[in-house]
Amino acid sequence: MTSIAALLGASLNSWAAPTEIKFSHVVAENTPKGQMALKFKQLVEERLPGEYQVNVFPNSQLFGDNNELSALLLNDVQFVAPSLSKFERYTKKLQLFDLPFLFKDMDAVNRFQQSDAGQQLLNSMKRKGVVGLGYLHNGMKQFSASSPLVLPEDAQGKKFRIMASDVLAAQFQAVDAIPVKKPFSEVFTLLQTRAIDGQENTWSNIYSKKFYEVQSNITESNHGVLDYMVVTSNTFWKSLPADKRKVIKASLDEAIAYGNEIAAAKVNKDKQAIIDSKRSEVTYLTPDQRAAWVNAMKPVWAQFEDKIGKDLIDAAVAANE
């Protein structure tokens, strides 16, 4: 009887539907984030066949960037990868990544994120039920607008779309521009209809979302970083059996590494594609012109130092060396 019961149990398990894991994000599938999510799906389903099924929902199909974290905490999705700016309501420490001209390049960003200080930030939202699992790169941000942006005064009075970030609002206010907080999914239409004058984004997003088709000018400013944190809810993460959680985490680590390789490769490729399209003119700042932007925006650091922590800012600056 015991043997029969065991066989019946095994048979029932073999017919059980796999556990669904929903991974929602707001960008196109041909971006580093989109490719990372698909790689994660592939790896989990290969390593845990029949046990877990990962369904990826790109382009805000399920949730926009203003409500995906709320959906995560309600267990309507199990994984999301918001930009670091989106965590402002859960911790002020991640505002660090929005500070203008903090990191000189992506190597510096990576050094900081892999440091003890950077890794500790992954756990900065556990009390709010959000578990950070890794950093995903997109790249350095550039300015785009309907007219050339060479010096800070060129931004005066112009409306720029920003993510819901007080730091990014302060960044544009520092050059007398008007920050407008809008979802990522609305940016193309806002630019096309001239409801806003410009935006900031990486070469990858500017290309994949076709912003360059409705913006006559892009300034290669490299003024900030647009990275993501892949997160899940504490409730879902704890619900996984320890052995399955280990496999899923290893698969995610591998997928993130894959996504970061794509991000690095896409920078020059997507930038060149935009140049070749002749739809938008790229402006390259001289050292003096860039210094003018730095001088105008760097006071934002002091404005948020108490919320972020001087120790974190110092650690980020040290990563530039």
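These figures come from a predicted structure and were not determined experimentally.

A separate point is helix α4 (residues 106-114). Given 3.6 residues to a turn, an α-helix orients residues that are three or four positions apart in the same direction. Listed in full, the buried residues belonging to α4 are Met-106, Ala-108, Val-109, Phe-112 and Gln-113. Within α4, the buried residues cover an arc of 155 degrees as seen down the axis, which keeps them to one side. Two or three places before Asp-107, at the start of α4, stands the capping residue Asp-105, its side-chain oxygen 3.2 Å from that residue's backbone nitrogen.

Let us now look at the packing of helix α12 (residues 299-308) against helix α13 (residues 310-318). At a minimum axis separation of 7 Å, α12 and α13 run at an interaxial angle of 120 degrees. Contact residues: α12 offers Trp-301, Glu-305 and Ile-308, while α13 offers Lys-310, Leu-312, Ile-313 and Val-317. Of the residues in the contact of α12 with α13, the class split is five nonpolar, no polar and two charged.

Among the nonpolar cores identified, the biggest contains 57 residues, and Phe-23, Phe-40, Phe-79, Ile-248 and Trp-293 are the most heavily contacted of them. Looking at which element gives the most residues to this core, the answer is helix α10 (residues 242-277), with five residues. Ranked by size, the runner-up nonpolar core spans 38 residues in total, among them Leu-94, Met-125, Leu-312 and Ala-319.

So, about the environment of Val-54. Position of Val-54 among the secondary structure elements: in strand β2 (residues 52-57). Owing to a relative accessible area of 0%, Val-54 belongs among the buried residues under this scheme. Note: C-alpha distance between Val-54 and Val-44 (10 residues apart in sequence) is 7.4 Å. What Val-54 contacts, discounting residues up to four positions off in sequence, is Ile-21, Phe-23, Phe-40, Lys-41, Val-44 and Glu-45.

With that settled, the discussion passes to the packing of aromatic side chains. If you walk through the whole model with that rule in mind, you get 14 aromatic pairs. Here the aromatic rings of Phe-23 and Phe-79 are separated by 6.0 Å at their centres, their planes lie at 25 degrees, and the arrangement is stacked. Here Phe-23 is found in strand β1 (residues 19-24), whereas its partner Phe-79 is found in strand β3 (residues 79-80), with 56 residues between them in sequence. One exposure class covers both Phe-23 and Phe-79, and it is buried. Taken together, the ring pairs connect Phe-23, Phe-40, Phe-79, Phe-236 and Trp-237 into an aromatic cluster. Geometry around Tyr-228 places Lys-33 over its ring, the cationic atom sitting 3.7 Å from the centre. The ring of Tyr-258 has Lys-39 lying over it, and the distance from NZ or CZ to the ring centre is 5.1 Å.

The grouping of Arg-89, Lys-92, Lys-128 and Lys-307 at the surface amounts to a positive patch. Accessibility expressed as a relative area gives 45% for Lys-307, which makes it partly exposed.

A word on the pattern of salt bridges. Following the criterion strictly, the structure yields 12 salt bridges and no others. Residue Glu-200 is joined to Lys-141 by a salt bridge in which the shortest nitrogen-to-oxygen separation is 3.0 Å. Taken together, the residues Glu-200 in strand β8 (residues 198-201) and Lys-141 in the loop between β4 (130-140) and β5 (142-145) connect sequence positions 59 residues apart. The pair formed by Glu-200 and Lys-141 is uniform in burial state, with each residue classed as buried. When the shortest N-O distance is used, the salt bridge between Asp-166 and Lys-181 registers 3.3 Å. Taken together, the residues span a long stretch of sequence, with Asp-166 in helix α6 (residues 166-173) and Lys-181 in strand β7 (residues 178-181) at a distance of 15 residues. Overlapping salt bridges, with partners in common, bring together Glu-51, Asp-243 and Lys-244 in one network.

This part covers the sheet that holds strand β11 (residues 281-284). Spatial ordering of the open sheet is given by β7-β6-β8-β5-β9-β11, a layout of six strands whose pairing is mixed. With one partner strand each, in any of the chains shown, β7 and β11 form the two edges of the open sheet. For this sheet the average axis-to-axis angle between neighbouring strands, irrespective of direction, equals 30 degrees. Two elements, β5 and strand β9 (residues 217-220), share three bridges in a ladder whose sense is antiparallel. The partner of Phe-143 across the bridge, within β9, is Thr-219.

Attention now goes to the environment of Asp-98. Mapped onto the secondary structure, Asp-98 falls in the loop between β3 and α4. Its relative accessible area of 4% is what places Asp-98 among the buried residues. Residues Asp-98 and Gln-192, 94 residues apart in the sequence, show an inter-C-alpha distance of 26 Å. Excluding anything up to four places from it in sequence, Asp-98 contacts Ser-85, Ser-165, Val-167, Leu-168 and Gln-171. A polar contact is formed between the side chain of Asp-98 and the side chain of Ser-85, at a distance of 2.5 Å.

Attention now goes to unusual backbone geometry. Of note in the backbone geometry, Ser-60 takes a positive phi value of approximately 60 degrees without being a glycine. Its place among the elements puts Ser-60 in the loop between β2 and α3 (68-73). For Ser-60, a relative accessible area of 18% corresponds to the buried category. A positive phi angle is found at Asp-176, which is not glycine, with a value near 60 degrees. Topologically, Asp-176 is positioned in the loop between α6 and β7.

The rules behind each value
Residues numbered from 1 in each chain as written. Predicted model: local features only at pLDDT ≥ 70, side-chain atom pairs only at ≥ 80, totals over all residues. Heavy atoms only, no water. Buried < 20%, exposed > 50% of the residue type's maximum accessible area, 1.4 Å probe, protein only. Helix = DSSP H or I, 4+ residues; strand = E, 2+ residues; numbered from the N terminus. Arc of directions from axis to C-beta. Polar contact = N/O pair within 3.5 Å; in protein donor to acceptor, adjacent residues only side chain to side chain. Axes fitted to C-alpha atoms, helices over the stretch in contact; angles between N-to-C directions. Contact = heavy atoms within 4.5 Å. Nonpolar A, V, L, I, M, F, W, Y, C, P; charged D, E, K, R; others polar. Core = buried A, V, L, I, M, F, W, Y, C linked by side-chain atoms within 4.5 Å. Phe/Tyr/Trp six-rings, centres within 6.5 Å; stacked < 30°, edge-to-face > 60°. Lys NZ or Arg CZ within 6 Å of the ring centre and 35° of its normal. Patch = residues over 30% accessible without salt bridge, like charges linked within 9 Å, V, L, I, M, F, W, Y side chains within 5 Å. Areas by Shrake-Rupley, 256 points an atom, 1.4 Å probe, with all protein chains shown as cover. Salt bridge = Lys/Arg side-chain N within 4 Å of Asp/Glu carboxyl O. Lys, Arg positive; Asp, Glu negative; His and termini not counted. Charge placed at Lys NZ, Arg CZ, Asp CG, Glu CD. Pairing = 2+ DSSP bridges.

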